[in-house]
Amino acid sequence: MTRRPGFPARLPSAAQPPVRRASALPPARVVAPTAGAGHGLDSQAVRTRMVQKLAAQGLADPRVVAAMNAVERHRFVDSALVNQAYEDTSLPIGLGQTISKPSVVARMIELLLAGRTGKDGRLGRVLEVGTGCGYQAAVLSQVATEVYSIERLRGLHDRARENLRTFRLPNVHLLFGDGMAGFAQGAPYAGIIAAAGGDAVPAAWTDQLADGGRIVAPMVMANGQQALVIVEKNGARLQQSVLESVHFVPLKSGIA
Ligand code: SAH
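Residues numbered from 1 in each chain as written. Predicted model: local features only at pLDDT ≥ 70, side-chain atom pairs only at ≥ 80, totals over all residues. Heavy atoms only, no water.

Details of the overall build of the protein
Piece 1. When you go through the protein residue by residue, the secondary structure sums to six helices and eleven strands.
Piece 2. Across the protein, every contact between residues at least 6 apart in sequence was considered, and the portion connecting residues at least 24 apart equals 57%.
Piece 3. Of the roughly 11300 Å² that the protein leaves accessible, carbon and sulfur atoms contribute 53%. (Helix = DSSP H or I, 4+ residues; strand = E, 2+ residues; numbered from the N terminus. Contact = heavy atoms within 4.5 Å. Areas by Shrake-Rupley, 256 points an atom, 1.4 Å probe, with all protein chains shown as cover.)

What follows is the structure in structure tokens.
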């Protein structure tokens, strides 16, 4: 693993205001003095362009727009891939896994939030299955009160911890384990989001979902293709909707 661009930066959060702000920039901007050093990358400008493209494709929820604008995606990929960090593409993060496409991250979080507002317009506790490099967990930290993110590969769990360290996000809790079992200690969840697709939504997830909560996950359909699925829980009733087709890495059981 080559070195990632390192510079001190923090994401804005209600609990922890950023250290420095540039007044001429949008409020979500957190100044990273050495941002992109050696990469010719003005990360806020490229990120703003990325978010403008996402908005043109239909991203509308201002909470998700702000979160996508705030999180420096280039800090989650290998330095050799930094120049592609703001393209709408998935990228390898090691151990055969990928960081999800920004448009898919935005779309899934928008679906997770749709019609829901908790404290300060944030969703309550959220469970993410498949931490990967930690990027989506960082985005989620901006729209949910608490984020529990579980990863089954020790190497990626450790890498995500390292990636997220400088952001100092006190509401992100990284867990190492099999996310198919959910994480009962954090339940009930207002939302559960999966970054890996299985044949079915595990019962543990619906069990750990709060009443009125929603699961957004890729799932393999009868035709062998993956599609995005939403499961909503209302009392004893579970309602499933199938949306567009997607391409995620497989949901696997056990740890490695
Ligand atoms: N959200 C991530 C995407 C990572 S790809 C990001 O922003 O980078 C999906 C991840 O799901 C992979 O790292 C894979 O190891 C993990 N995964 C697959 N099955 C899992 C399971 N049962 N429990 C936890 N993580 C799992």
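From this point on, the discussion continues.
Structural notes on the site of the ligand
Piece 1. The ligand sits among 27 residues. The nearest are Cys133, Glu151, Asp178, Gly179 and Lys252.
Piece 2. The backbone of Cys133 places a nitrogen or oxygen atom 3.3 Å from an oxygen atom of the ligand.
Piece 3. Bound to the protein, the ligand loses 99% of the 570 Å² it would expose on its own.
Piece 4. Counting only elements with at least two residues in the shell around the ligand, the list comes to strand 2 (97-99), strand 3 (123-129), helix 4 (135-141), strand 4 (144-151) and strand 11 (249-250).
Piece 5. Grouping the constituent residues of the shell around the ligand by class yields 13 nonpolar, nine polar and five charged. (Near = heavy atom within 4 Å. Polar contact = N/O pair within 3.5 Å; in protein donor to acceptor, adjacent residues only side chain to side chain. Nonpolar A, V, L, I, M, F, W, Y, C, P; charged D, E, K, R; others polar.)

Considerations on the pairing of strand 3
Piece 1. Counting buried positions over the seven residues of strand 3 gives five, a clear majority of the element.
Piece 2. Where strand 3 and strand 4 come together, six bridges link them in parallel fashion. Across the sheet, the residue bridging to Glu128 is Ser149, located in strand 4.
Piece 3. In this region the chain leaves strand 3, passes through helix 4 and returns to the parallel neighbour strand 4; the handedness of that crossover is right-handed.
Piece 4. Relative to strand 6 (residues 189-194), strand 3 runs parallel, the two sharing four bridges. By the bridge assignment, Glu128 is partnered in strand 6 with Ile193. (Buried < 20%, exposed > 50% of the residue type's maximum accessible area, 1.4 Å probe, protein only. Pairing = 2+ DSSP bridges. Right-handed = clockwise from strand over helix to strand, strands pointing away.)

Some remarks on the nonpolar core
Piece 1. Membership of the largest hydrophobic core comes to 51 residues, with the highest contact counts inside it found for Met68, Phe76, Ile109 and Tyr135.
Piece 2. Sorting elements by how many residues they give to this core places helix 3 (residues 102-113) first, with eight residues.
Piece 3. Setting aside chain neighbours within four positions, we find Tyr135 in contact with Met50, Met68, Val71, Arg73, Phe76, Ile99 and Val105.
Piece 4. Listed in part, the 21 residues of the second largest apolar core include Leu127, Tyr189, Leu209 and Ile215. (Core = buried A, V, L, I, M, F, W, Y, C linked by side-chain atoms within 4.5 Å.)

Some remarks on helix 5 (residues 154-165)
Piece 1. In a regular helix each residue adds 1.5 Å, so twelve residues correspond to 16 Å; helix 5 covers 16 Å between its end C-alpha atoms and thus fits that length.
Piece 2. Those residues of helix 5 not exposed but buried are Leu156, His157, Ala160, Asn163 and Leu164. Buried positions in helix 5, seen along its axis, are confined to an arc of 125° and lie on one side of it.
Piece 3. Contact partners of the buried residues in helix 5: strand 1 (91-94), strand 2, helix 4, strand 4 and strand 5 (172-176). (Expected span 1.5 Å × (residues − 1). Arc of directions from axis to C-beta.)

Function cannot be read off these values alone, since they describe shape.
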